Amino acid sequence: MSKGSEHKAEESCSTKRKLPSKEEVKEIREKLALQDNISRIKHKIIVLSGKGGVGKSTVATNIAAALSLKGQKVGLMDIDIHGPSIPKMLGLEGSPLRGSEEGLLPVDYSDNLSVMSIGFILQDQKNAVIWRGPLKHSLIRQFLKDVSWGELDYLIIDSPPGTGDEPLSVIQLLEDADGAVIVTTPQDIALIDVRKAITFCSHVNLTILGIVENMSGFICPYCGKTVNIFKAGGGEKMASEMGVPFLGRIPLEPRMVEAGDSGKPFLQYYPGSETAKAFDLAIKPLLSLKDK
Ligand SMILES: Nc1ncnc2c1ncn2[C@@H]1O[C@H](COP(=O)(O)OP(=O)(O)OP(=O)(O)O)[C@@H](O)[C@H]1O
Ligand SMILES: [Mg+2]
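Right, let's walk through the structure included here. (Residues numbered from 1 in each chain as written. Chains lettered and ligands numbered in written order. Predicted model: local features only at pLDDT ≥ 70, side-chain atom pairs only at ≥ 80, totals over all residues. Heavy atoms only, no water.)

**Describing the site of ligand 1**
Part 1 of the reasoning: Gly53, Lys56, Ser57, Thr58 and Glu253 are the nearest of the 17 residues found near ligand 1.
Part 2 of the reasoning: Take Thr58: an N or O atom from its side chain is 2.5 Å from an oxygen atom of ligand 1.
Part 3 of the reasoning: Within the residue set of the shell around ligand 1, elements represented by two or more residues are helix H3 (56–69), strand E9 (208–219), strand E11 (246–252) and helix H10 (254–261).
Part 4 of the reasoning: The leading source of residues in the shell around ligand 1 is H3, at 3 residues.
Part 5 of the reasoning: In terms of residue class, the shell around ligand 1 is made up of 8 nonpolar, 6 polar and 3 charged. (Near = heavy atom within 4 Å. Polar contact = N/O pair within 3.5 Å; in protein donor to acceptor, adjacent residues only side chain to side chain. Helix = DSSP H or I, 4+ residues; strand = E, 2+ residues; numbered from the N terminus. Nonpolar A, V, L, I, M, F, W, Y, C, P; charged D, E, K, R; others polar.)

**With respect to the packing of H3 against helix H12 (residues 274–287)**
Part 1 of the reasoning: Two elements in contact, H3 and H12, have axes whose closest approach is 10 Å; the angle formed by their N-to-C orientations is 70°. As the angle between them shows, H3 and H12 are arranged roughly perpendicular. Side by side, H3 and H12 meet where Val59, Asn62, Ile63, Ala66 and Leu67 of the first sit next to Phe279, Asp280, Ile283, Leu286 and Leu287 of the second.
Part 2 of the reasoning: Among the residues making up the contact of H3 with H12, the classes are represented as 8 nonpolar, 1 polar and 1 charged. (Axes fitted to C-alpha atoms, helices over the stretch in contact; angles between N-to-C directions. Parallel < 35°, antiparallel > 145°, perpendicular 65-115°, else oblique. Contact = heavy atoms within 4.5 Å.)

**Some points on helix H8 (residues 188–203)**
Part 1 of the reasoning: Taking 1.5 Å per residue, 16 residues should reach 22 Å; H8 reaches 23 Å between its end C-alpha atoms and fits that length.
Part 2 of the reasoning: Among the residues of H8, Ala190, Leu191, Asp193, Val194, Ala197, Ile198, Phe200 and Cys201 are the ones counted as buried. Taken down its axis, H8 places every buried residue within 160° of arc, on the same side. When the buried face of H8 is taken as reference, the exposed residues oriented beyond 90 degrees from it are Ile189, Ile192, Lys196, Ser202 and His203.
Part 3 of the reasoning: Looking at the residues trailing H8, positive phi occurs at Asn205, about 60°. (Expected span 1.5 Å × (residues − 1). Buried < 20%, exposed > 50% of the residue type's maximum accessible area, 1.4 Å probe, protein only. Arc of directions from axis to C-beta.)

Encoded structure:
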């Protein structure tokens, strides 16, 4: 073999080596389809906490409702695969899913607020489902790639407790999320976990849009005085120590439980309350996020 043909053979060999495998092509196609599907969503915000039961779903629902009542087009995506609570909180349990040519349609709560949750897929929530990491990842990918969200100003994502597979998947898949809203309660024990959530965000390069201190002080319905059942101010102190924005305190509000259980976003039904005002303040920095 002459030197020239040897060179050509080497060249074609190396070209061959560069060709992506079928799997890689599939992966690239899926990534492009996902990016194309979410390209009309201006802002993507993940609601996180280091700890369970601090009110993430309540805060996510009320933030989504507050933004939608300000005329913003909002999608609310519930990636709490083991315990989806958004359908119940918005009175949408049992809503059938419909498809269109463009994909699976989210369920409309109002003209401005649409929702997708595993709760719509697993209608019988009494059965526990065992999901391993890769399955969770592919479900979250489907929510972003195959759900026809259309044009949205905001996609609010409600995560399960902690900093596990689900938030990690969604951050990786989105690539350009605006950032996280971290929810905490004022006790020291919850604040230890919030520190973990902050560290998680910095590891995965996710901007922290702010901390919400939920269940912060109880406003007595009889005398109007504030009682700090779980202490107060810890979230704000933590935010200033860690150099992240503080979005405000949401009081412990008995009507919030009632609203959540009966499928009505609190904010919409008690718009003049202190709690609704606190949500309105909390969304201010979100409303002024710059369009990308
Ligand atoms: N500010 C509040 N005042 C009174 N009750 C609240 C408040 N915030 C949340 N709750 C109630 O606390 C309970 C837990 O709230 P929620 O489900 O939102 O927490 P979560 O952090 O999403 O929980 P999980 O970690 O299980 O997903 C619910 O019954 C909810 O109605
Ligand atoms: Mg929740």
